[in-house]
Amino acid sequence: MITLSHHELIKFIVCIGAMLIAARLVGEFFRKFKMPLIVGELIAGILLGPSFLGTYFPEISKWFFNGTGNVGIALNGLTSISVIMLLFVAGMEVELSLIRQQGAVAFKTSLVGLIIPLGLGYFFGRYFYELFGESNANNILPFSLFMGTAMAVSALPVIARTLMDLGLFRTRIGMIIIAAAMFDDLIGWLLFSVILGLLNKSAGGVDFVYTLGLTLMYAVGMLTVGRFLINKSLPWAEKNFTWPGGFLSISLGLAFLGAAFTEYAGIHAIFGAFIMGIAIGDSVHVTEKTRDIVHQFVTNIFAPLFFIAVGLKVNFIVNFDIKIVLIVLILAIVCKLVGAGLGALWGGLSKKEALAVGFGMNARGAMEIILATLALQANLIGEHLFVAIVVMAVVTSVMAGPMLQLLLNPSVNTLKNAFIDNNNPASQKSE
Amino acid sequence: MNLVENPFKKIAIAVAFSPRCEALLAEAKQLQVKLGSQLVFIHIGKKTIHQEQYLKHLIHRFGLDANTNKIIWEEGETVETILTICQNESIDLLVAGALEKENLLKYFLGGVARKLSRKVKCSMLMLTEPNIHPTGFKHIVVEGSDHPKSEYTIATAIAIGKAYQAASLNIIQETDLSKMALIRHEELKEAEVEAIKEEFVKEEDLKLEEILKCNDCGGITVCTERIEGKPGYVISKFAREKQADLLVLNSPDKQMNLIDRVFPHDIEFALADLPCNLLIVQETQYTL
């Protein structure tokens, strides 16, 4: 068995320590300016990576984060584990019954909000790929599908936080946005896994139809029978194991097994973890405290490691191309505003509310960055486009709050008014 | 003053000639006495002389006036026919016997009582253990969630509690904080989280206080309690633990179907395993 040498182990541990502390310090700095922690974590990565440290202090950078040898492999393994856990937590946030309960408006918002970005992203990816700095036409189908997916995903936590800050979280419009974003996430990650499956096939991997069959079987099985069995087993586990520590081990253990299965099936491990997250998170036996422990554990340790590693991988200064950034940004905003906005209009909301839904759903946040990182790792996109997508994810997340504030006066959208609105049949025409 | 004085003026009883038929009629009699309602007995199936005589005998035995009450015999698909009769007769409350728990297959396919509860447009009372000597509703648990329907549901539960001289009435506010994790993992401090939680519940508490102010609770001991967890599930669990004899819930916002059982709607947690008698309150045009 290959093990890290004494020197390598020290290097590995120092790297992790430095990454965690840098992510927290820079993250907290940006938090003072009301920016999401993730912005600081990314910038910490940029500072420690080739963009800054590698350029101005190459020797230090080489000692720490050269990304080669056993330490590089170990760090790479750690970021893979991190992204699996992040997707597991993202899955736990999806509430299938909420999607169902929000009914037609959420479904229409979500459906059109998916189809239009997917269509436009695919179209631009297929016919104007040079605009994104891509020249490789061999993988044109997966690339076009990726562009569609990249335009379609939303960042649930960013959306939830924005709605909370504006006092809209528990209103009808807030729940519509949340439910639609959850549905978008579910379909978006399924689609992205299929794209990775397509790539795998073109690289001579497992048969695509076999992969798709296994994926669907896993997803449907876990969301029905698997979810039922997990819900039935948790009370037994709670009675016999230490709790909530036992939940942490069991749930993460299942997440890794699910991830291993989908990786074996020929799609990325993240999908297995995501679906397992939905199945476990949906259980009535998962309390807020338990859920919170998992969230805190993953988002304060593994999320910073992942996001800082994003900055370590790519030189953001060299690969920053303002033309590509603007194209990606404008395309992303137009896709979501038109898609989710039209969907909400179709669902029966007013024009102003529909526009607000569009801006709410426009926030891409961490999910977009994860998507882009995996696409970069799979050589599906180049570094210029990767940087552009990361910038787009940050900008759309930061602009969601002010735009919602502008469009919906939160003072008249409080819980109380939502209560009154719900009593008014006219306001429920879309139900 | 009560928001609801007499919630159920016209009550339909779905009669099947099962071993629990007598007990169901005894419960119906008690409902009539307590609530002063008119009763409509519905039986779906072929009318035979034997059954007709048996039903008349029971009605006579329980002192149910054949002139003021009504018997309807119809043939056809049980659930759809009962629903049509309820609509035609402007029924306020449909009463049916129901098993506490059905096997998994039957639950997903739907037995008669559960099918009715998912489709009926008036209120519905499902009696899990009807008794030939009805014990009434002494311990009532009612949903007090932050929903426009809760006001009427609570008022109805209070009216029933007063009629039955209930010993206790627990109003349960279910707080689903699962979405809190969605927000807090971003970048909130513990104190900020607590402040958000307090804000979450403060407005709900005020609303509930207003509802209670508008209702005269008579001599019933009314307690309000907030429980964290999945709506529908936690209130059922509470009713079971407290050995309540009536659980009162809001009617669902839309008609339920199979998907609501696969991805359970709040009310499905109660229907999957009835903790006690279940009353689903629907504010119909007839009750106003």
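The shown structure was predicted, so the numbers you read here are calculated from the model rather than taken from an experiment.

A.B. asks: What am I meant to see in a nonpolar patch on the surface here?
C.D. replies: A contiguous nonpolar surface patch, about 670 Å² in accessible area, is contributed by A:Phe320, A:Ile322, A:Leu326, A:Ile330, A:Val334, A:Val338, A:Leu342 and A:Leu345. Its place among the elements puts A:Phe320 in the loop between helix 13 (288–313) and helix 14 (322–346).

A.B. asks: Explain the environment of B:Leu31 here, please?
C.D. replies: Residues and elements named next belong to chain B. Checked against the element boundaries, Leu31 lands in helix 1 (residues 21–35). A residue is classified by how much of its surface remains accessible, and Leu31, at 4% relative accessible area, is buried. In sequence terms Leu31 and Gly136 are 105 residues apart; their C-alpha atoms lie 8.8 Å from each other. When neighbours within four sequence positions are excluded, Leu31 is seen to be in contact with Ile11, Gly36, Ser37, Val95, Leu125 and Tyr164.

A.B. asks: Is there a simple way to think about the packing of helix 7 (residues 140–152) of chain A against helix 16 (residues 365–377) of chain A in this case?
C.D. replies: Helix-helix packing: each pair is described by the crossing angle between the helix axes and the interaxial distance. Residues and elements named next belong to chain A. For the pair helix 7 and helix 16, the least separation of the axes is 10 Å and the interaxial angle reads 165°. Considered as vectors, helix 7 and helix 16 are oriented roughly antiparallel to each other. The chirality of how helix 7 crosses helix 16 is left-handed. Each of Phe146, Thr149 and Ala150 in helix 7 lies in contact with helix 16, whose residues at this interface are Glu368, Leu371, Ala372 and Ala375. Classifying every residue of the contact of helix 7 with helix 16 gives five nonpolar, one polar and one charged.

A.B. asks: Quick question: what am I supposed to make of the pattern of salt bridges here?
C.D. replies: Charged atoms that come close allow side chains of opposite charge to pair. Under the counting rule described, the total for this entry stands at 16 salt bridges over all chains. Across the salt bridge formed by B:Glu268 and B:Arg118, the nearest N and O atoms sit 2.8 Å from each other. Of the two residues, B:Glu268 sits in helix 11 (residues 266–272) while B:Arg118 sits in helix 5 (residues 112–119), which places them 150 residues apart along the sequence. An identical accessibility class is assigned to B:Glu268 and B:Arg118; each is buried. B:Asp253 is the salt-bridge partner of B:Lys149, the closest N and O atoms lying 3.3 Å from each other. Of this pair, B:Lys149 sits in the loop between strand 6 (139–143) and helix 6 (150–163) while B:Asp253 sits in the loop between strand 9 (246–250) and helix 10 (258–262), and the two are 104 residues apart along the sequence. When its relative accessible area of 24% is taken as the criterion, B:Lys149 is described as partly exposed. A single salt-bridge network, built from bridges that share partners, covers A:Arg24, A:Glu28 and A:Arg31.

The rules we used
Note that residues are indexed from 1 along each chain, following the sequence as it is written. Chain labels run from A onward and ligand labels from 1 onward, assigned in the order the entries are written. Local features in this predicted model are restricted to residues of pLDDT 70 or higher, and side-chain atom pairs are both shown and tallied only at a pLDDT of 80 or more, whereas totals for entire chains, interfaces and linings draw on every residue. Neither water nor hydrogens contribute to the side-chain values; these are computed over all heavy atoms in the structure. By definition, no residue in a patch forms a salt bridge, and every one has over 30% relative accessible area; like charges are joined within 9 Å, nonpolar side chains (Val, Leu, Ile, Met, Phe, Trp, Tyr) within 5 Å. Here, Shrake-Rupley sampling with a 1.4 Å probe gives the accessible areas, and only protein chains in the shown set may cover a residue. The working definition used for a salt bridge is a side-chain nitrogen of Lys or Arg within 4 Å of a carboxyl oxygen of Asp or Glu. Where helices and strands are cited, they refer to DSSP runs of H or I of at least four residues and of E of at least two residues respectively, numbered from the N terminus. A simple rule labels every residue: compare its accessible area, found with a 1.4 Å probe on the protein chains alone, to the largest value its type can have, and call it buried under 20%, exposed over 50%, or partly exposed in between. Working rule for contacts: check all heavy atoms of both residues, and any pair within 4.5 Å makes them a contact. Orientation is described by lines fitted to C-alpha atoms, with helices fitted over the stretch in contact, and by angles between N-to-C directions that extend from 0 to 180 degrees. For this classification, under 35 degrees means roughly parallel, over 145 means roughly antiparallel, 65 to 115 means roughly perpendicular, and everything else is oblique. Rotating anticlockwise by less than a right angle from the far helix to the near helix defines a left-handed crossing, while the corresponding clockwise rotation defines a right-handed one. Here the nonpolar group is Ala, Val, Leu, Ile, Met, Phe, Trp, Tyr, Cys and Pro; Asp, Glu, Lys and Arg are the charged ones; every other residue, Gly included, is treated as polar.

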